[in-house]
Amino acid sequence: MCSEFDIIRRYFKRPATSAVLGIGDDAALIASTSQTELAISTDTLVCGKHFFADADPFKLGYKSLAVNLSDMAAMGAKPRWVLLALTLPEELVKHSETWLSEFSAGFFALAQQHHVELIGGDTTSGPLNIGVQIVGEVDAGKALRRSGAQLGDDIWISGQIGDAALALNHELRRITLQSSELEQCLPALLTPTARIELGQRLIGLAHSAIDISDGLMADLGHILTNSEQAACIHIAAIPSSPTLKRYLHQSLAIQCLLAGGDDYELCFTAPKMNRGKIEALAIELAIPLTCIGEIVSGKGLVVQDAEGNAITLETKGYDHFSA
Ligand code: ADP
Ligand code: MG
C-alpha cells in the first residue's frame, strides 16, 4: 500500500515555481517583502485518528493550534495569523452548548499567548474535523529547513520525547501505566508545547530543523533524505521522562521513544563549534537541549543501543496509510 509520503510524492509534489520553498518542509516559504518571507503550513486533526470523540474540548482547541505553531517553530518563524476550518457534527452543535465555548477558549488561550490572530476559516457540518492553516514571518533567507544538515553536525533534540505515545498506548490499553504515571505523561499528549522561541533562536546556530510530529526516526529521516546525509544516534542519549525510562525494557516503550510521535519537540542539527552556544541557549530558555548523535557518511539512520548494536524497529513513525 502507498504511504502518506508516497501519495504526496506521486500525486502532489511539484517543483516550486514562484514560492521560495514549496512542498517538502514543515512550511512553505513565500517572499513577502525584500526582507521578509511568509512561512505557511496546515495541519488537520481528525476525530478517531488524532483524538478521541470524548476529548476535552478546551484541550482540543489548544492542541489544534499547538501542532500548527510547532511547524512555525521548526522553520524558525514567528507565528502571526491563523485560519480555522471546522467540520462539526450537527448533534454536537445541538446537544453540547459548552463544547464550542470550551474549544474556542482553548484555541484562543494559546493564540493570545503567542499574539497570533485568527483571521478566517470555514464552518461546515459533518464528522468532527479541525483544520488549521498558519502563517508566520521569518527574515528572508534565514528560515530553518530540513535540507541543511551537513556531515559532522551534532543532532540535538529539545525537551524529552515518548510520553505522548506512552499515554496514547495506555488509552488504547496496549500498556498499563499507574495513575500517577499517566497523569505525568498525559499533558504531552493533550496540551503539547510548541518550541516557538527556541526555533527563532536557533537561526544562525542550526543547519537544519524539523518538529517531531510523526516520531523521531521518521522525522530525523526527513532531515536526512532532504539533506542527502546519514546519521548515527544513541538510544541512551535520547532524553525521556522517568516514567518512560521505567518501561524501556518493553519493546512498546522503545517504539514510543523512537517512533511514537505527537511530541512536538524540535530535532535540529548544528555544527560542533556551536555546542557551547546551544548549551547556553538551553540554560537561558530553560529548555533541555540534548545531543543524541551526529551526521555521518553513509546511508540512512542507525540507532545504537548501549553496546553499540543497531536497533531495528517494525515502524519508524506514524503513517496514516501504513498497515
Ligand atoms: P508536517 O508533519 O510537518 O506537518 P507532513 O509530513 O505532513 O509535514 O508533510 C510533508 C510535506 O508535504 C509538507 O511540506 C506538506 O506541506 C506537504 N504536503 C502534505 N500533504 C500534501 C498535499 N496533499 N498536497 C501538497 N503538499 C502536501
Ligand atoms: Mg512538522
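Before reading on, note that the structure itself is shown above.
This is a predicted model, so every value here is computed, not measured. (Residues numbered from 1 in each chain as written. Chains lettered and ligands numbered in written order. Predicted model: local features only at pLDDT ≥ 70, side-chain atom pairs only at ≥ 80, totals over all residues. Heavy atoms only, no water.)

Novice: Which residues make up the packing of aromatic side chains, and what values do they have?
Specialist: Applying the stated criterion across every chain yields a total of three aromatic pairs. Between Trp 99 and Phe 103 the ring centres are 5.1 Å apart and the planes differ by 10°, which places this aromatic pair in the stacked class. Here Phe 103 and Trp 99 lie together in helix α4 (residues 97-113), a separation of four residues that amounts to about one turn. Phe 103 shares its class with Trp 99; the two are buried. In this structure, Arg 80 is placed above the aromatic ring of Trp 81, and the distance from its NZ or CZ to the ring centre is 4.8 Å. (Phe/Tyr/Trp six-rings, centres within 6.5 Å; stacked < 30°, edge-to-face > 60°. Helix = DSSP H or I, 4+ residues; strand = E, 2+ residues; numbered from the N terminus. Buried < 20%, exposed > 50% of the residue type's maximum accessible area, 1.4 Å probe, protein only. Lys NZ or Arg CZ within 6 Å of the ring centre and 35° of its normal.)

Novice: Outline the coordination of the magnesium ion (ligand 2), listing residues and values.
Specialist: At 2.0 to 2.1 Å from the magnesium ion (ligand 2) lie its protein donor atoms, namely Asp 26 (OD), Asp 71 (OD) and Asp 211 (OD). We note that the donor set of the magnesium ion (ligand 2) lies within a single chain, spaced as D-x44-D-x139-D. In this pair, Asp 26 sits in the loop between α1 (4-12) and β1 (28-31) while Asp 211 sits in strand β7 (residues 208-211), placing the two residues 185 residues apart along the sequence. Judged by its relative accessible area of 1%, Asp 211 is buried. (Donors = N, O, S within 2.8 Å, 3.2 Å for Na, K, Ca; no water.)

Novice: Tell me about the site of ligand 1, and please be specific about residues and values.
Specialist: The environment of ligand 1 is made up of Phe 5, Ile 8, Phe 12, Ile 23, Gly 24, Asp 25, Asp 26, Asp 43, Asp 71, Arg 146 and Ser 213. Between ligand 1 and Gly 24 there is a distance of 2.8 Å, counted from an oxygen atom to a backbone nitrogen or oxygen. Within the side chain of Arg 146, an N or O atom sits 3.1 Å from an oxygen atom of ligand 1. Computed on the free molecule, ligand 1 has an accessible area of 560 Å², of which 67% lies beneath the protein chains in the complex. No other element matches the three residues that α1 contributes to the shell around ligand 1. (Near = heavy atom within 4 Å. Polar contact = N/O pair within 3.5 Å; in protein donor to acceptor, adjacent residues only side chain to side chain. Areas by Shrake-Rupley, 256 points an atom, 1.4 Å probe, with all protein chains shown as cover.)

Novice: Talk me through unusual backbone geometry; I want residue IDs and the actual numbers.
Specialist: Unlike most non-glycine residues, Arg 173 shows phi in positive territory, near 60°. By the secondary structure assignment, Arg 173 is in the loop between α5 (163-171) and α6 (179-190). Backbone geometry places Glu 228, a non-glycine residue, at a positive phi of 55°. Take Glu 228: it is sitting in the loop between α8 (216-227) and β8 (230-234).

Novice: I'd like a description of the sheet that holds strand β5 (residues 129-139), backed by residues and values.
Specialist: In any sheet, the strands associate via hydrogen bonds between backbone groups, in a parallel or an antiparallel arrangement. Read from one edge to the other, the open sheet built from five strands follows the order β1-β2-β5-β3-β4, with strand pairing classed as mixed. Two strands bound the open sheet, and with one partner strand each, they are β1 and β4 (117-125). Across the sheet, the mean angle from the axis of one strand to that of its neighbour is 20°, orientation sign disregarded. Taken together, the 11 bridges between strand β2 (residues 36-46) and β5 define a ladder with antiparallel strand orientation. Looking at β5, one finds that Asp 43 is bridged to Val 132. Along the sheet, helix α2 (residues 57-75) contacts β1, β2, β3 (78-88) and β5; its crossing angle with β2, the most-contacted strand, is approximately 145°. Contacts between α4 and the sheet are confined to β3, β4 and β5, with β3 contributing the most and set at about 165° to the helix. (Pairing = 2+ DSSP bridges. Axes fitted to C-alpha atoms, helices over the stretch in contact; angles between N-to-C directions. Contact = heavy atoms within 4.5 Å.)

Novice: Residues and numbers for the packing of α2 against α4, please.
Specialist: In the contact formed by α2 and α4, the axes pass within 6 Å of each other and the chain directions differ by 35°. As α2 packs across α4, the resulting crossing turns out to be right-handed. In contact with Pro 57, Phe 58, Leu 60, Gly 61, Tyr 62, Ser 64, Leu 65, Ala 66 and Leu 69 of α2, α4 contributes Trp 99, Glu 102, Phe 103, Ala 105, Gly 106, Phe 107, Ala 109, Leu 110 and Ala 111. Grouping the amino acids of the contact of α2 with α4 by side-chain chemistry returns 14 nonpolar, three polar and one charged. (Left-handed = near helix turned anticlockwise from the far one by under 90°. Nonpolar A, V, L, I, M, F, W, Y, C, P; charged D, E, K, R; others polar.)

Novice: Give me the lowdown on the environment of Lys 63, citing residues and values where you can.
Specialist: For Lys 63, the position within the fold is in helix α2. Residue classification places Lys 63 among the buried residues on the basis of a relative accessible area of 6%. The spacing of Lys 63 and Ser 32 is 31 residues in sequence and 28 Å in space, taken between C-alpha atoms. Sequence-distant contacts of Lys 63, that is, excluding residues within four places in its chain, are made with Leu 45, His 50, Leu 189, Leu 190, Pro 192, Asp 262 and Tyr 264. At 2.8 Å, the side chain of Lys 63 forms a polar contact with the backbone oxygen of Leu 189.

Novice: So what's going on with the sheet that holds β8? Which residues, and what values?
Specialist: As summarised here, the arrangement of the six strands in space is β7-β9-β6-β10-β8-β11, forming an open sheet in which the pairing is mixed. Because the sheet does not close on itself, it has two edges, and the strands there are β7 and β11 (301-304). Sheet twist, expressed as the average angle between the axes of neighbouring strands with direction ignored, equals 25°. With five bridges joining them, strand β6 (residues 154-158) and strand β10 (residues 289-296) adopt antiparallel strand pairing. Paired with Ile 155 across the strands is Gly 293, a residue of β10. Running at roughly 150° to β7, α8 makes contact with β6, β7, β8, β9 (266-270), β10 and β11 of the sheet.

Taken by themselves, the reported measurements are silent on function.
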